[in-house]
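# Results of the structural survey
Residue strings, one per chain:
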Amino acid sequence: PDLPRAREAFLRLWEAADELRQSLGEQRTALQLLTVGLGQPTASQEQLERPQEALFAEVCRLLSAVCGLAGEGDVPSIAQGRALAAFTASTAFRLCAAQQLLTVFFNQPDFLTLLGAAHL
């Protein structure tokens, strides 16, 4: 009552809390899409409660998979074959279809939009 702008400050605090809740919801959705897309079981409740760390890890895993599979520049077919063999033998990607991952990454703009979103 003694502070003339207290009402404004609490209103802004309320708005900030709403923005945080919305951002957490977007992060949870993105985390679930990425984990399933990379052939993992759904994210755990602990990961979903505070999704930032798990989301960062899944994005890093996705980008390393794409870089490893696609290579850079003109990649000889023998090197692509070795990359695919290593990818499919990896326990980290055992349930992930390599060609499907590359197709989604390079051909679906919605997926790239997800990776470029503010909540990431």
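The following paragraphs examine the structure supplied in this document. Every chain is numbered on its own, with residues counted from 1 as its sequence reads. Where totals are concerned, whole chains, interfaces and linings use all residues; where local detail is concerned, this predicted model gives features only for residues with pLDDT of at least 70, and gives and counts side-chain atom pairs only at 80 or more. Excluding hydrogens and water, the side-chain figures rest on all heavy atoms present in the structure.

### Things to note about the packing of helix α3 (residues 52–70) against helix α5 (residues 98–107)
Axes are the key here: two packed helices are described by the angle between their axes and the distance separating the axes. Across the interface, α3 lies against α5 with an axial gap of 10 Å and an inter-helix angle of 105 degrees. For the element pair α3 / α5, the angle class is roughly perpendicular. Of the residues in α5, those touching α3 at L62, L63, A65, V66, L69 and A70 are A98, L101, L102, F105 and F106. Here the nonpolar group is Ala, Val, Leu, Ile, Met, Phe, Trp, Tyr, Cys and Pro; Asp, Glu, Lys and Arg are the charged ones; every other residue, Gly included, is treated as polar. Partitioned by chemical class, the residues of the contact of α3 with α5 number eleven nonpolar, no polar and no charged. The axes used here are C-alpha line fits, helices contributing only the stretch in contact, and every angle between their N-to-C directions lies in the interval 0 to 180 degrees. Counting from the N terminus, the helices are DSSP H or I runs at least four residues long and the strands are E runs at least two residues long. Throughout, the term roughly parallel applies to angles under 35 degrees, roughly antiparallel to angles over 145, roughly perpendicular to angles from 65 to 115, and oblique to all others. Contact definition: two residues touch when any of their heavy atoms are within 4.5 Å.

### Re the environment of G25
Take G25: it is sitting in helix α1 (residues 6–37). Note on exposure labels: buried denotes an accessible area under 20% of the residue type's maximum, exposed denotes more than 50%, and partly exposed covers the range between, all computed with a 1.4 Å probe on protein chains only. Classification of G25 by relative accessible area gives partly exposed; the value is 28%. For G25 and T42, which are 17 residues apart along the polypeptide, the C-alpha to C-alpha distance reads 15 Å.

### Here we look at the nonpolar core
Core analysis: the biggest nonpolar cluster contains 22 residues, and L62, F87 and L101 have the highest contact counts within it. Mapped by element, the contributors of at least two residues to this core are α1, α3, α5 and α6 (109–115). Among the elements that line this core, the one with the most residues is α3, at seven residues. Each residue touching L62, except ones within four places of it in the same chain, is listed here: L34, L38, L101, F111 and L115. Among buried residues, the Ala, Val, Leu, Ile, Met, Phe, Trp, Tyr and Cys ones that are joined through side-chain atoms within 4.5 Å form a nonpolar core.

### Examining the pattern of salt bridges
For salt bridges, the criterion is a side-chain nitrogen of Lys or Arg within 4 Å of an Asp or Glu carboxyl oxygen. For the structure on display, the rule yields five salt bridges. Close ionic contact of E15 with R12 constitutes a salt bridge, the shortest N to O distance being 3.6 Å. In this pair, E15 and R12 both sit in helix α1, three residues apart, roughly one turn of the helix. On the basis of relative accessibility, which here comes to 36%, the residue E15 falls in the partly exposed class. Note on R12: relative accessible area 42%, which makes it partly exposed. Note that D18 is salt-bridged to R21, the shortest N-O span being 2.7 Å. With D18 and R21 both in helix α1 and three residues apart, this pair spans about one turn of that helix. What emerges from the salt-bridge pattern is a single network uniting R12, E15 and E19.

### A short note on α5
Within the sequence span of α5, burial applies to A98, L101, L102 and F105. Angularly, the buried residues of α5 cover 95 degrees about the axis, an arc narrow enough to put them on a single face. In α5, the exposed positions angled more than 90 degrees off the buried face are occupied by Q99, Q100 and N107. Where α5 is buried, its residues contact α3, α4 (77–89) and α6. The arc in question is traced by the directions running from the helix axis to the C-beta atoms.

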